[in-house]
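So you can see what is in the structure, the chains are spelled out below.
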Amino acid sequence: MEFTKYQGLGNDFILVDNRHNAIPLLSSKEAIKLCDRHFGIGADGVIFALPGDENTDYTMRIFNSDGSEPQMCGNGIRCLARFLAKLEGIETVGKSYRIQTLAGIMIPRLEEDGQVKVDMGNPFLLAKEIPTTLTKGEEKVVNQFLEVGGQSWSVTCVSMGNPHCITFVDNVATIPLETIGPMFEHHAVFPERTNTEFIEVVRSDYLKMRVWERGAGITLACGTGACASVVAGVLTGNCDRLCTVELPGGCLTIEWSEQDNRLYMTGPAEAVFTGVMRTTPTNCKE
Ligand SMILES: N[C@@H](CCC[C@H](N)C(=O)O)C(=O)O
């Protein structure tokens, strides 16, 4: 099976042309193997370009590198837009797609400067929508205290279809992501686990972010996480509605529109290589 590896700010994905079949051509177990950086191709996830329905051009499905299926992926949908344009042979500026995801319809558009701008839809703010039991279901989770790793953190939770728990800190470089990330992800107050973002406010229009992703661990960038962080920043008075978010892999421009309440994310997406998958039998026989 042919695949193309893409990356958006170093958040990397194996893209599979699944346009002629409504069911992903690979199982979640196979995805885990392919994402492995030693025994597989190496990636943060596998993305399938599936047929759309009467309202959409295509459907996106994605497996995280641990085989779980998230609702959405911001960096991934920019990669998918480039992949589809390449497959169709129409890489024209202004080309846009209506893509069905488990978080609703998203609309990526190819920009003049080579970047991809995505209409990421509305954020969800109620505790039951995240979901989290940190507070009552009908309430927002803004600057709530959460005990993690023997420390009390002030957190704000936002769903972009997938769950995010955001903490504003003085210096992102000092956060022990490797140890604290999994504790947030698996905390009992998050029944569907959570993505976790640590944010340093450099200026009201410039944030620095590090992320621990649900089902993928430390990644170089997270598009839904950057959107959720700007929403959290506006709700807590930490940032403007239009912000640059600097991640280890580079920068995203995020706008939370006051007019339509939707998030707009702009950033790069690039093909890395195309290859053919083969299965490798084990040589151990008991
Ligand atoms: N890296 C992605 C998010 C991928 C899904 C996430 N790990 C989850 O389980 O929700 C992004 O760019 O948004």
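Residues numbered from 1 in each chain as written. Predicted model: local features only at pLDDT ≥ 70, side-chain atom pairs only at ≥ 80, totals over all residues. Heavy atoms only, no water.

(A) Spotlight on the UniProt feature "binding site: substrate" (unreviewed entry) in the protein. As annotated by UniProt and renumbered to match this structure, "binding site: substrate" (unreviewed entry) occupies Asn11, Asn64, Gly74, Asn75, Asn162, Asn195, Glu213, Arg214, Gly223 and Thr224. Mapped onto the secondary structure, Asn11 falls in strand β2 (residues 11–17). The class of Asn11 is buried, set by a relative accessible area of 1%. Not counting residues up to four positions away in its chain, the partners in contact with Asn11 are Tyr6, Asp44, Asn75, Glu213, Thr219, Ala221 and Cys222. By the element assignment, Thr224 lies in helix α4 (residues 223–235). The exposure class of Thr224 is buried, given its relative accessible area of 2%. Apart from the residues within four sequence positions on either side, Thr224 is in contact with Met72, Cys73, Gly74, Met120, Met160, Asn162 and His164. Here His164 takes part through its side chain, which lies 3.2 Å from a polar atom of the side chain of Thr224. (UniProt positions renumbered as here; feature names shortened; annotations may be inferred. Helix = DSSP H or I, 4+ residues; strand = E, 2+ residues; numbered from the N terminus. Buried < 20%, exposed > 50% of the residue type's maximum accessible area, 1.4 Å probe, protein only. Contact = heavy atoms within 4.5 Å. Polar contact = N/O pair within 3.5 Å; in protein donor to acceptor, adjacent residues only side chain to side chain.)

(B) Fine view of the site of the ligand. In the vicinity of the ligand, 14 residues are found, and the nearest of them are Asn11, Gly74, Glu213, Gly223 and Thr224. The contact in question runs from a nitrogen atom of the ligand to an N or O atom on the side chain of Asn11, over 2.7 Å. Between Asn162 and the ligand, the recorded distance is 3.0 Å, taken from a side-chain N or O atom to an oxygen atom. Starting from 370 Å² of accessible surface for the ligand in isolation, the protein chains cover 99%. Taken together, the residues of the shell around the ligand sort by class into four nonpolar, eight polar and two charged. If you count residues domain by domain, the shell around the ligand takes at least three from each of domain 1 (2–119 + 269–276) and domain 2 (127–261). (Near = heavy atom within 4 Å. Areas by Shrake-Rupley, 256 points an atom, 1.4 Å probe, with all protein chains shown as cover. Nonpolar A, V, L, I, M, F, W, Y, C, P; charged D, E, K, R; others polar. Domains from an automatic or database assignment.)

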